Amino acid sequence: MAYKIMLVAAEASGDVLAANLASVLKSRLGDDVSFVGVGGPRMAELGIESPFDISELSILGIVEGIRAYSLVKQRVADTADLALREKPDAVILVDSWGFTIRTARAIRKVLPQAALIKYVGPQVWASRPGRAKVLAKAVDHLLALYPMDAPWFERAGLPTTVVGSSALHIDMSNADGDLFRTQQGIAPDAPLLLVMPGSRPKEIERMTPVYEQTARNLKAEIPDLQVAVVAAGTVAADVTGRVASWPFRAHLVGEADKYAAMKAANVVLATSGTVSTEIAVAGTPMVIAYKIDNFSYRLMKPLVTAKFFTMLNLAADEEVVREFIQFDATAEKITPEVLRLLTDKQAARAQARRQTEILEIMGRGGPNPSELAADAVLKVLKNRKA
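What counts and what doesn't
Residues numbered from 1 in each chain as written. Predicted model: local features only at pLDDT ≥ 70, side-chain atom pairs only at ≥ 80, totals over all residues. Heavy atoms only, no water. 1 Å grid on protein atoms, 1.4 Å probe; cavity = no way out; pocket = protein on both sides within 12 Å on 5 of 7 lines; lining within 4 Å. Points joined across faces, edges and corners; volume = space filled by probe spheres on them. Helix = DSSP H or I, 4+ residues; strand = E, 2+ residues; numbered from the N terminus. Nonpolar A, V, L, I, M, F, W, Y, C, P; charged D, E, K, R; others polar. Contact = heavy atoms within 4.5 Å. Expected span 1.5 Å × (residues − 1). Buried < 20%, exposed > 50% of the residue type's maximum accessible area, 1.4 Å probe, protein only. Polar contact = N/O pair within 3.5 Å; in protein donor to acceptor, adjacent residues only side chain to side chain. Phe/Tyr/Trp six-rings, centres within 6.5 Å; stacked < 30°, edge-to-face > 60°. Lys NZ or Arg CZ within 6 Å of the ring centre and 35° of its normal. Bend = angle between axes of the 7 residues up to and from the residue. Pairing = 2+ DSSP bridges. Axes fitted to C-alpha atoms, helices over the stretch in contact; angles between N-to-C directions. Salt bridge = Lys/Arg side-chain N within 4 Å of Asp/Glu carboxyl O. Core = buried A, V, L, I, M, F, W, Y, C linked by side-chain atoms within 4.5 Å.

Section: the layout of surface pockets
Logical step 1: Volume-wise, the second largest pocket comes out at about 320 Å³.
Logical step 2: Within the residue set of the lining of the second largest pocket, elements represented by two or more residues are helix 11 (258-264), helix 15 (331-343) and helix 16 (345-362).
Logical step 3: The biggest single contributor to the lining of the second largest pocket is helix 16, with four residues.
Logical step 4: Of the residues belonging to the lining of the second largest pocket, the class tally is ten nonpolar, two polar and five charged.

Below you can see the structure in the form of structure tokens.
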């Protein structure tokens, strides 16, 4: 039986998840599956051409959401039009809560016969638990990343399959930290700080100046400190331009070398997100920072019930990785913690070990998430056909 599947990903991380899932489905079904959708460069590599550039949907906070409302509304309509034109058997909506929940509703109206599957649910255990019922009304099935997700959505009546986080299964066997240092001209024993400012334009705008000043402070304490900065694909030009104006040399790192850079670094300073799990897999101690616009933060803070932002800390129920959020995300506050990890090797090793232990709690070593997601998608399709 042949299937047509539509994948919708509005951000870089979702683009990767969607592409990995499509690859597994293609390997299983061959010519009996075809794909259409909305996504980024990873999906495009598989021949899934997006009708618009998803980078324009990288929106953070309530204020930015309000400003971009008309654009989001138009892109939701464009996506629903694509679904109506292509008539897929299933639509898989990946992450990006604000955009995908609106898209799910729009597609349900124009194509009620299609199975709607959400891949990555909102973190209702951290804030706004009412979103579980909202999602249950909008889609037919949820592919969740963590066991803690399932009870919340199942209580709301939404069938849920826990597939795990793909970040726990990244293969870093070919990531060579020593080779990275050699290629970058960094001595084997030189202290190296890796900065990972994010993958969204607003993250780069807000966090890069903080990281620049932090690096300045650290180099004043450790003159031979080397600094490398990851320029993620969707914001590479922006990051490159900003780093070029820094008053000291920073080694720019492309997507292809980021895992090697993680392994080469003594400490990673990163913007909060899935990347924190990847850094833990690399075995490197880290410090996390994050901020959105102040108005949005003040509105959202009362709704947040979770104690931490970083998944490692949430899984451990303790602040293993120091977090500097919003008004604490300043160079003055971040510098001492990064300096501690750079200069206290015993503390750095202890944090790296604890990070690794938490990965086991989170499900590292389990089945491949893309394989489990493919199993669930095919089951939904077969039940739908039946």
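That shown, we press on.
Regarding the side chain of arginine 181
Logical step 1: Along the chain, arginine 181 falls in helix 8 (residues 177-184).
Logical step 2: When near neighbours in sequence (up to four residues on either side) are disregarded, arginine 181 contacts Ile186, Ala187, Pro188, Asp189, Ala190, Leu192, Ala264 and Asn266.

Looking at helix 17 (residues 369-385)
Logical step 1: Along its 17 residues, helix 17 runs 24 Å from first to last C-alpha, staying within 8% of the 24 Å computed at 1.5 Å per residue.
Logical step 2: Every buried residue of helix 17 is accounted for by Pro369, Ser370, Ala373, Ala374, Ala376, Val377, Leu378, Val380 and Leu381.
Logical step 3: Buried residues belonging to helix 17 abut strand 1 (3-9), helix 1 (12-29), strand 3 (90-94), strand 4 (115-119), strand 5 (141-144) and strand 6 (160-162).
Logical step 4: A distance of 2.8 Å separates the backbone nitrogen of serine 370 from a side-chain oxygen at the start of helix 17, and that oxygen is part of asparagine 368.

Points about the side chain of serine 370
Logical step 1: Looking at the element boundaries, serine 370 is found in helix 17.
Logical step 2: Note on serine 370: relative accessible area 7%, which makes it buried.
Logical step 3: Beyond its immediate sequence surroundings of up to four residues, serine 370 is in contact with Asn20, Leu21 and Val24.

Thoughts on the packing of aromatic side chains
Logical step 1: By the definition in use, this model includes one aromatic pair.
Logical step 2: The residue whose ring lies beneath arginine 131 is tryptophan 97, and the NZ or CZ to ring-centre distance is 5.9 Å.
Logical step 3: In this structure, arginine 155 packs its charged tip against the face of tryptophan 152, placed 5.2 Å from the ring centre.

Some words on helix 9 (residues 201-221)
Logical step 1: Compared with the 30 Å implied by 1.5 Å per residue over 21 residues, the 30 Å span of helix 9 between its first and last C-alpha is a close match.
Logical step 2: Along helix 9, the sharpest kink reaches roughly 35 degrees, centred on methionine 207 and followed within four residues by the proline proline 209.

So, the sheet that holds strand 8 (residues 226-230)
Strand-to-strand pairing in sheets goes through backbone hydrogen bonds, with the strands running parallel or antiparallel.
Logical step 1: Read across the sheet, six strands follow the order 9-8-7-10-11-12 without closing on themselves; strand pairing throughout is parallel. Each of the sheet's edge strands pairs with one partner strand only, and the pair in question is strand 9 (251-253) and strand 12 (323-325). Strand-to-strand twist of the sheet, defined as the mean angle between neighbouring strand axes without regard to direction, takes the value 20 degrees.
Logical step 2: Of the strand pairs in this sheet, strand 8 and strand 9 are connected by three bridges, and their pairing is parallel. Paired with valine 230 across the strands is valine 253, a residue of strand 9.
Logical step 3: Here helix 15 sits on the sheet and contacts strand 7 (192-196), strand 10 (267-271), strand 11 (286-290) and strand 12; the angle it forms with strand 11, its principal contact strand, is near 165 degrees.

Observations concerning the pattern of salt bridges
Logical step 1: The full count for this structure, using the stated rule, is 21 salt bridges.
Logical step 2: Among the ionic pairs, arginine 322 bridges to glutamate 337, the shortest N-O distance being 3.7 Å. With arginine 322 in the loop between helix 14 (311-316) and strand 12 and glutamate 337 in helix 15, this pair connects stretches of sequence that are 15 residues apart.
Logical step 3: Take arginine 322: its relative accessible area is 31%, and that puts it in the partly exposed class.
Logical step 4: Among the residues examined, glutamate 337 registers a relative accessible area of 7% and is labelled buried.
Logical step 5: Linking arginine 354 and glutamate 357 is a salt bridge whose minimum nitrogen-to-oxygen distance equals 3.1 Å. Here arginine 354 and its partner glutamate 357 are both found in helix 16, three residues apart, which amounts to about one turn of the helix.
Logical step 6: In this structure arginine 354 comes out as partly exposed when scored by relative accessible area, which is 25%.
Logical step 7: Exposure remark for glutamate 357: the relative accessible area of 44% places this residue in the partly exposed category.

Comments concerning the nonpolar core
Logical step 1: Membership of the largest hydrophobic core comes to 73 residues, with the highest contact counts inside it found for Leu7, Tyr119 and Leu194.
Logical step 2: The contacts of tyrosine 119, once residues within four sequence positions are left out, are Leu17, Leu21, Ile92, Leu93, Val94, Asp95, Leu143, Leu145, Val163, Pro369 and Ala373.
Logical step 3: Of all hydrophobic cores here, the second largest spans 34 residues; its members include Val38, Val72, Val91 and Phe99.

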